[in-house]
Amino acid sequence: MQQIGTVWASLDRRRQIIVAGAVVLVFLGVLAMSRLVTAPSMTLLYAGLESGAAGDIVRSLDQRGVSYEIRGGSIYVPGSQRDELRLTLASEGLPANGNQGYELLDTLSGFGTTSQMFDAAYWRAKEGELARTIVGSPHISQARVHIANGSANPFQRNVAPTASVYLVPSGSQVTSDQAKAIRFLVASAVSGLAPEKVTVIDSNGTVIGAQETTVAADTADDKARQLRERVMRLVEARVGTGNAVVEVSVDTVTKTESIRERRFDPNSRVAISTDIEERSDSARNQSADVTVASNLPDGDGAGGDESNSTATQTRERVNYEVSETELEVHNAPGAIKRLTVAVLVNGTQAVDAAGVETFEPMPEAELQALRELVASAVGYDAERGDVITLKSLDLPAVEPQGTLASSSIWQKVHFDAMSLIQMAVLAIVAVVLGLFVIRPILTNPVTAPALLTTDSIPEPDDFLTGEIALDESGPFQSLPVHVSDGDIPALGAQIGEDPVDRLREMIGDKQEETVEILRSWLEESEERV
């Protein structure tokens, strides 16, 4: 403390102010760094919430007395409490994201609730439950479902329900397969709703997975994936997992064809009906002349010559049908037009006598057997132009990265980038103040003006000018200045000795004292001036 007091007393007013300000700044810097170190590390709790849902989260945190920070649209909490808070808030149905499910029906009572009100609440709850299920996917951040159900009017029996889904993807865009799954999800949850009646729209206003444009492509991809899985299971059963690569390309028909053909065979006939018609005619002729006597009953003319004739006619009609063949063919999109299969299998590594590993491909007999199995699995048709390529090449073994999970102490430590940056800046400021402001001041030599007596202060005219001058009396007189270590011996103590050499020797032995004396003289002269 005495040394600090001595150093403080030796400083002028300007340096004292600088030292005091530097000490205050260093103190504040250390205090800020300690506060940052002791403050809890804030981590992200929720982000991208709607205003209502974010307000519910903040109100729940206030009720629990949990410290939190709001940065833009994100809520940060201490890292040690994040997981516990998420589970606790989830048990309370937070965040709701504006979608309420079947809990809406709990608020309905039997009194004052009409059937229209109940139906509206029911469909609203159904939409909320579907939106919650869709948001549960890591690829979807927000979702809204709208169901247009047919009214209960008995005069409208053929009105089918429809639905639309609005999605906000989380990161990458929603694919056609994901949109197809969402359509089937909504259609399965609503009675009488067909998947093609569900429309999926993304945040850009684009219809995802339109039925008119994706039926053929989805069919081709599905068939290629199914065939690839079949071949992969078959090949890996022989060569092992990871030793085969299978690619299948399916060329399908993308247009609809309708062919109708009708053929007649004149050489083939079939009797379908037979009609027989018989006709009989009889006639009677007399040869006597016609007189008055022949017209009397008892007359002689009645007994003349007579002739009778009978005619019989039979007609048969048979109806035949000519052989007819009618063929109608409908070719729908999705039929396989051409199939291409490429299979790459690994060989074996053999070690020769020198210890060098060499690659040996799979024997041709095994390759031929695998080719026959693959052809049977995919339904190979040579007339259709199908191609199967099977090769045995060296597949380099690539070690998977990041499959080994190990616990580390750093996993339990939560770092905040902004806090680390603030700590680094404060540390740099503190180091700069300490090295370039306080350290030079504290390391300055201590001046000793109080050690000089009043009568020993030389006059301004007696200051050293840097030259050695001899007066008439001869040698130098002894200096009147006294220091704590003892009096400086007179320059002329030894007669006959060169005063300049003696002065140089004394300055070399007492360098610090000489510098302090000269510095005190200069400061005193400045004050007097």
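Residues numbered from 1 in each chain as written. Predicted model: local features only at pLDDT ≥ 70, side-chain atom pairs only at ≥ 80, totals over all residues. Heavy atoms only, no water.

1. Re the overall build of the protein chain
Move 1: Within the protein chain, the regular secondary structure consists of twelve helices and 15 strands.
Move 2: Relative to its full complement of 529 residues, the protein chain shows a buried share of 22%.
Move 3: Here the protein chain displays about 37200 Å² of accessible surface, and carbon together with sulfur accounts for 54% of that area. (Helix = DSSP H or I, 4+ residues; strand = E, 2+ residues; numbered from the N terminus. Buried < 20%, exposed > 50% of the residue type's maximum accessible area, 1.4 Å probe, protein only. Areas by Shrake-Rupley, 256 points an atom, 1.4 Å probe, with all protein chains shown as cover.)

2. Observations concerning helix H3 (residues 51-64)
An α-helical turn contains 3.6 residues, so a residue and the one three or four places further along point in the same direction.
Move 1: Across its 14 residues, H3 extends 20 Å between first and last C-alpha, which sits within 8% of the 20 Å expected from 1.5 Å per residue.
Move 2: What H3 keeps buried is the set Ala53, Ile57, Val58, Ser60 and Leu61. For H3, the angular spread of the buried residues around the axis is 160°, confining them to a single face. In H3, the exposed residues that point more than 90 degrees away from the buried face are Ser51 and Gln63.
Move 3: The inward-facing, buried residues of H3 abut strand S1 (42-47), strand S2 (69-71), strand S3 (74-78) and helix H4 (82-91).
Move 4: Gly65 occupies a position one or two residues after H3 and carries a positive phi of about 75°. (Expected span 1.5 Å × (residues − 1). Arc of directions from axis to C-beta. Contact = heavy atoms within 4.5 Å.)

3. So, the sheet that holds S3
Move 1: Strands sit in the order S1-S3-S2 across an open sheet of three strands; the sheet is antiparallel. The strands lining the two open edges of the sheet, one partner per strand, are S1 and S2. Strand-to-strand twist of the sheet, defined as the mean angle between neighbouring strand axes without regard to direction, takes the value 35°.
Move 2: Both S1 and S3 contribute to a ladder of five bridges, which runs antiparallel. The residue of S3 that forms the bridge with Tyr46 is Ile75.
Move 3: Set on the sheet, H3 makes contact with S1, S2 and S3; between it and S3 the angle comes to about 20°.
Move 4: Contacts between H4 and the sheet are confined to S1 and S3, with S1 contributing the most and set at about 25° to the helix. (Pairing = 2+ DSSP bridges. Axes fitted to C-alpha atoms, helices over the stretch in contact; angles between N-to-C directions.)

4. Some words on the nonpolar core
Move 1: In terms of nonpolar packing, the biggest core is built from 22 residues, with Val235, Val341, Val343 and Val345 touching the most fellow members.
Move 2: Broken down by secondary-structure element, the contributors of at least two residues to this core are helix H7 (211-239), strand S7 (244-252), strand S10 (336-346), helix H9 (364-378) and strand S13 (387-393).
Move 3: Per element, the largest residue contribution to this core is six residues, and it comes from H7.
Move 4: Not counting chain neighbours up to four residues away, the residues in contact with Val343 comprise Val231, Val235, Val245, Val246, Val374, Thr389, Leu390 and Lys391.
Move 5: One finds Ile134, Ala143, Leu193 and Ile208 within the second-largest nonpolar core, a separate group that totals 20 residues. (Core = buried A, V, L, I, M, F, W, Y, C linked by side-chain atoms within 4.5 Å.)

5. Observations regarding the side chain of Asp202
Move 1: With respect to the element layout, Asp202 can be found in the loop between strand S6 (198-201) and H7.
Move 2: In terms of polar contacts, Asp202 uses its side chain to reach the backbone amide nitrogen of Thr206, at 2.7 Å.
Move 3: Filtering out sequence-adjacent residues up to four positions away, Asp202 remains in contact with Tyr166, Leu167, Gln173 and Ile208. (Polar contact = N/O pair within 3.5 Å; in protein donor to acceptor, adjacent residues only side chain to side chain.)

6. Notes on the packing of aromatic side chains
Move 1: Under the defined criterion, the tally for this structure stands at one aromatic pair.
Move 2: With a centroid separation of 5.3 Å and 75° between ring planes, the pair formed by Tyr122 and Trp123 is classed as edge-to-face.
Move 3: Exposure remark for Tyr122: the relative accessible area of 29% places this residue in the partly exposed category.
Move 4: Geometry around Tyr76 places Arg71 over its ring, the cationic atom sitting 4.2 Å from the centre.
Move 5: One residue, Arg86, lies across the ring of Tyr46, its end atom 6.0 Å from the ring centre. (Phe/Tyr/Trp six-rings, centres within 6.5 Å; stacked < 30°, edge-to-face > 60°. Lys NZ or Arg CZ within 6 Å of the ring centre and 35° of its normal.)

7. With respect to the confidence of the model for the protein chain
Move 1: With 70% of its residues at a pLDDT of at least 70, the protein chain reaches an overall mean of 75.
Move 2: This model gives residues 212-217 a pLDDT under 50, and the stretch forms three contacts once residues within four places in sequence are excluded.
Move 3: Throughout residues 446-493 the model reports pLDDT below 50, and contacts reaching past four residues in sequence, or to other chains, amount to 45 contacts. (pLDDT = per-residue confidence, 0-100.)

8. Quick word on the pattern of salt bridges
Move 1: For the coordinates displayed, the defined rule picks out 13 salt bridges.
Move 2: The closest approach of N and O atoms between Arg71 and Glu69, which form a salt bridge, is 2.6 Å.
Move 3: The exposure class assigned to Arg71 is partly exposed, which follows from its relative accessible area of 31%.
Move 4: Glu69 gets classed as partly exposed once you look at its relative accessible area, which sits at 33%.
Move 5: The closest approach of N and O atoms between Asp83 and Arg82, which form a salt bridge, is 3.4 Å.
Move 6: Asp83 sits in the partly exposed class, given a relative accessible area of 46%.
Move 7: Classification of Arg82 as partly exposed rests on a relative accessible area of 22%.
Move 8: Linked by salt bridges that have partners in common, Lys180, Asp222 and Arg225 make up one network. (Salt bridge = Lys/Arg side-chain N within 4 Å of Asp/Glu carboxyl O.)

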